[in-house]
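An overview of the molecular structure
Residues per chain are reported as follows:
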Amino acid sequence: MSDTEKELDEPKAEIVASWFAGKPRAPYYMEVSPITACNVNCRFCRKKAESADYYRRAKDLSDDRWYEILEKAVEMGTRRIFFRGGGEPLLKRRLLTRMFPLIAEKEVVCTLLTNGTLIDEALAEGFVRSGWNEIIFSLHGGDAETHDYITDLPGSFARVTQALERLNRFKSALQRKTPYLSFHVVLTRRSFRQIDRIIELAKAHGVGNVGVFPMHNAPYPEFVQDLEMREEDKRQYRELVPKYKDLLDSYGISHDFQITYQDPPQAAAPAQPPSGPPQARVPCYFPWFYATITPNGFISPCCYGEGAQTKGDLHRVSFEEAWFHQDMGEVRESLLSGRLMPYCAKCPNWYQSDNRRLREVFAKQAAVPGPVLRNSRITVPEEVKRKTLADCASGVVFDWNFHVACNYRCPYCIFHEDWKKLAGLNRLPALDGLQKAWGRIHEDLGECYVTFNGGEPTVYPQFAELMSALGRWHRWNFNTNLSWDIPPWESFAKQVDMARGSVQLSYHPTEDPDFAGFLRRALFVQGLGLRNCSVCIVAYPPHLKDLPRYCRELKSEGLITRVQPMVGSYEGRRYPAAYTAEERRLIDELNQETRSALSADLDYAMGDQSPRGRPCRSGQSYFHINQLGDVYRCTQVPQKPELRLGSLVEGFAASACPRPCPMDFCPCGESRWLVEGCG
């Protein structure tokens, strides 16, 4: 027999745990409905009832597009694919036969749910030779009269038995165990007394599993009412179930009676999530390991989302985009917040059973880390550290606006008109309080990377003392306008371990027109033994003509130089959107040397890409601390109490996994924490 659902719990849990540990993965399991059309006309089919309008509107994906999607999913790591109804999958014969070599090469575990009427000799041989794992036959009666009536296709019962015979003949000739064979029975008042005959057919044809499932069209349309189980039918069926199970057990056939009328109906997913850490509050884990794709290319976390309009239309977007971002990202965000999707009200017992079992696995293995509070750890994969330039052991990065004050008044600064107002908000604790806070963070998380932003750090009276203390535990970086002359830098370097840090020097011609003096000071700082020393210049429109000269001279002295797009207004135009095509080319050309590491940052800073909806590690392994000491996920989210994660002094809570970005614009280099592709 094929793998039971319980045997799949460990790999499912591993995928979910990987997401919650900050490393998004491809779906372990994909359920695809490749076509809306069908060659039979089952009387209870949902195409006639609750999904009728959806099927009339649907525009099926082409065979070639389907293959691209499935091939990409397998490349990303998907290992199980279930081809199921909506229509009859074998009407996509070209697609399925094209899958045979991929299945054999990549050892993909494939299952097919079919009415069985189209399996001829060639298909039967192909399924066996390719190593196809399982074929589930829809069988709705124990004899031809009942089955053919329900399918509304004379001869369909005979075609099913012929297909079974063909498959068994090739399995015997080629000495193969697969494909495993199963029956899928939809319970009706015409079939419930015939389950024993279906069991005998299973024994005769080597079928290893029989599943009995309810109709899903209640309230039932008029044309289905003759199939609806009445109360007397249910009573009789309850008495027959033990007999059916005993017969199956005696033949060694596994069974799955999803409908017995013996147990009280299971409620749908809870309306209010339980309390506890984030993973305990998630009502459903399916969006992290399971993808359902409908014939028209919509993606959802289960088949009950079928029919819902989504943005992740695979006619238009890649499978990666649809899975990691778009609607699936919004579904994950909703569930992380304890909010259910509308279709969750239809959740069946077997999906809820999957979730219960996964929680049991997590309880045994502690596979999903909880929220990060004081005295907890954050795990950051090495590849994420490299991508985010997190120059520290833990890979955890803090952006700290530790005070908002500056001795320059650059017209393009985001704080330009607010310096006086913001200065009144500086409420940092005393130096010893800051030292204790960063010492506790080191005890909790290990060595972190702390970058100073917000104002000019060197005007803070005890800046050298603070950096000396912080450098004992953490790597550091700060941005400075380089208004210090050489003697203050000499004094600073005597107190601070310069090998623990990096400095970004910002050149502001409006405040410091002496470029030669800036270059002289920059070369001195470059020689202080820092881990990295670079220069940044804002692409303020009046400065654009001089940028090539500045960059050329800086780079000739070995200083890594980056041009930062302006965010703000100039002469009534809003930047960066107002840059001309020529100005954009200039900025891009001047940033060629830093493109490999920072290309995504520049694309987002220019507004060429929007981060909205993309999973982001901000709030998970990257945090923004404002001048009040409050912790937020990044600099761009509104600093409202309900979005506050905690504080530098009192501790904070981190997200258990990357969460969708709520913003349309990411101008400050934080886009490197977006999860691109598989992350």
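Residues numbered from 1 in each chain as written. Predicted model: local features only at pLDDT ≥ 70, side-chain atom pairs only at ≥ 80, totals over all residues. Heavy atoms only, no water.

**What about helix α8 (residues 195-204)?**
In plain terms, the rule: Buried, partly exposed and exposed residues are distinguished by accessible area as a fraction of the type maximum, computed with a 1.4 Å probe on protein chains only: under 20%, between the cut-offs, and over 50%, respectively. Put simply, DSSP H or I for four residues or longer makes a helix, DSSP E for two residues or longer makes a strand, and each gets a number counted from the N terminus. When we speak of the arc, we mean the arc of directions from the helix axis to the C-beta atoms. Here a residue-residue contact requires only that any non-hydrogen atoms of the pair lie within 4.5 Å.
By the burial criterion, the buried members of α8 are I195, I198, I199, L201 and A202. The arc that holds the buried residues of α8, viewed along the axis, is 160°, so those residues lie on one side. On the buried face of α8, the contacting elements are α7 (156-174), β5 (180-186), β6 (209-213), α9 (231-251) and β7 (254-257). Phi turns positive, to about 70°, at G206, one or two residues after α8.

**Side note on the sheet that holds strand β20 (residues 630-632)**
Where strands meet in a sheet, backbone hydrogen bonds hold them as pairs that are either parallel or antiparallel. Our working definition: Strand pairing requires that DSSP identify at least two bridges connecting the strands. Between the N-to-C directions of two axes lies an angle of 0 to 180 degrees, each axis being a line fitted to C-alpha atoms and, for a helix, fitted only over the stretch in contact.
In space, the 10 strands of this open sheet follow the order β15-β14-β13-β12-β11-β10-β19-β20-β21-β22, with mixed pairing throughout. Only two strands of the sheet have a single neighbouring strand rather than two, namely β15 (560-565) and β22 (651-652). Pairing geometry for strand β19 (residues 622-625) and β20, over two bridges, is antiparallel. In the sheet register, H624 faces β20, and the bridge partner there is Y632. The sheet strands contacting helix α18 (residues 463-470) are β10 (397-400), β11 (449-452) and β12 (475-480), and the helix crosses β12 at an angle near 155°.

**Quick notes on the environment of H508**
Among the structural elements, H508 can be located in the loop between β13 (501-507) and α20 (515-526). Of the residues examined, H508 reaches a relative accessible area of 14% and is grouped as buried. Taking the C-alpha atoms as reference points, H508 and F518, separated by 10 residues in sequence, lie 9.5 Å from one another.

**Focus: the packing of aromatic side chains**
Short version of the rule: Working definition: a ring pair exists when centres of Phe, Tyr or Trp rings (six-membered ring for Trp) sit within 6.5 Å. Plane angles under 30 degrees give stacked, over 60 give edge-to-face, the rest tilted. Remark: a charge is flagged as sitting over a ring if the NZ atom of Lys or the CZ atom of Arg is within 6 Å of the ring centre and within 35 degrees of the ring normal.
Counted by the stated rule, this structure contains 33 aromatic pairs. Every member of this aromatic cluster is reached through a ring pair, and the members are F398, W400, W438, F452, F463, W476, F478, W484, W489, F492, F623 and F652. Above the ring of W323, the side-chain terminus of R332 is found at 4.5 Å from the ring centroid.

**Comments concerning the sheet that holds strand β3 (residues 109-114)**
With mixed pairing, nine strands are arranged side by side in an open sheet as β7-β6-β5-β4-β3-β2-β1-β8-β9. The open sheet has two edge strands, β7 and β9 (299-300), and neither has a second partner. Of the strand pairs in this sheet, β6 and β7 are connected by four bridges, and their pairing is parallel. Within the sheet, the bridge partner assigned to G211 lies in β7 and is D256. Of the strands in this sheet, β1 (29-32), β2 (80-83) and β8 (290-293) are in contact with helix α3 (residues 63-76), which crosses β1 at around 170°.

**Some points on the pattern of salt bridges**
Let me state the cut-off plainly: Salt bridge, as used here, is a side-chain nitrogen of Lys or Arg placed within 4 Å of a carboxyl oxygen of Asp or Glu.
Across all of its chains, the model carries 31 salt bridges by this definition. Residue R549 is joined to E553 by a salt bridge in which the shortest nitrogen-to-oxygen separation is 3.8 Å. Residue R549 and its partner E553 are both found in helix α21 (residues 547-556); the two are separated by four residues, about one turn of the helix. Residue classification places R549 among the partly exposed residues on the basis of a relative accessible area of 33%. Overall, E553 belongs to the partly exposed group, its relative accessible area being 30%.

**Examining unusual backbone geometry**
For the peptide bond that leads from T178 to P179, omega is 5°, which places it in the cis range. Position of P179 among the secondary structure elements: in the loop between α7 and β5. Here the bond from Y575 into P576 is cis, since omega is 15°, no more than 30 degrees from zero. By the secondary structure assignment, P576 is in the loop between β17 (573-575) and α22 (581-590). The residue L482 is not glycine, and still its phi comes out positive at about 65°. Take L482: it is sitting in the loop between β12 and α19 (486-495).

**Regarding the environment of E75**
Here is the rule: Residues adjacent in sequence count toward polar contacts only when both atoms are side-chain atoms; beyond that, a polar contact is any pair of N or O atoms within 3.5 Å, and within protein one must be able to donate a hydrogen and the other to accept it.
Tracing the chain through its elements places E75 in helix α3. Spatially, the C-alpha atoms of E75 and A26 are 9.2 Å apart, while their sequence positions differ by 49 residues. At 3.1 Å, the side chain of E75 and the side chain of K72 are in polar contact.

**Re the packing of helix α17 (residues 431-445) against α18**
The cut-off we apply is this: Roughly parallel here means an angle under 35 degrees, roughly antiparallel means over 145, roughly perpendicular means 65 to 115, and every remaining angle is called oblique. By definition, turning the near helix anticlockwise from the far helix through less than a right angle yields a left-handed crossing, and turning it clockwise yields a right-handed one.
At a minimum axis distance of 10 Å, the contact between α17 and α18 shows a crossing angle of 20°. By the criterion of interaxial angle, the relationship of α17 to α18 is roughly parallel. The hand of the α17/α18 crossing is right-handed. Between α17 and α18, the residues in contact are L431, L434, Q435 and W438 and E465, L466, A469 and L470, respectively.

**Describing the environment of K545**
Along the chain, K545 falls in the loop between β14 (532-539) and α21. Between the C-alpha atoms of K545 and E583, which are 38 residues apart in sequence, the distance is 9.7 Å.

**Brief notes about the nonpolar core**
For the record, the criterion: We define the nonpolar core as a collection of buried residues of types Ala, Val, Leu, Ile, Met, Phe, Trp, Tyr and Cys that are connected through side-chain atoms lying within 4.5 Å of one another.
Counting 98 residues, the largest nonpolar core has I81, F83, F127, W132, F137, F183 and F319 as the members making the most contacts within it. Counting residues per element, this core draws most heavily on α3, which supplies seven residues. Dropping the residues within four chain positions of it, F127 is found in contact with L90, L96, F100, L112, W132, I135, L167 and P179.

**A look at the pairing of β15**
The side chains of a regular strand alternate between the sheet's two faces. Note the following rule: Consider the strands pointing away from the viewer: the crossover is right-handed when the path from the first strand over the helix to the second runs clockwise.
Within β15, five of the six residues are buried, leaving the element largely enclosed by the surrounding structure. Note that β14 and β15 share six bridges and pair parallel. Along β15, the bridge assignment pairs A539 with P565. Considered for its hand, the β-α-β crossover made up of β14, α21 and β15 is right-handed.

**Considering the state of the cysteines**
Selection criterion: We call a pair of cysteine sulfur atoms a disulfide when they lie within 2.5 Å.
A complete count under the given rule lists zero disulfides for this structure. The thiol sulfur of C45 is not disulfide-bonded, and the nearest other cysteine sulfur, from C42, lies at 6.5 Å. By relative accessible area, which is 22% here, C45 ends up partly exposed. Free cysteine: C413, not disulfide-bonded; nearest cysteine sulfur from C410 at 6.5 Å. Exposure remark for C413: the relative accessible area of 25% places this residue in the partly exposed category.

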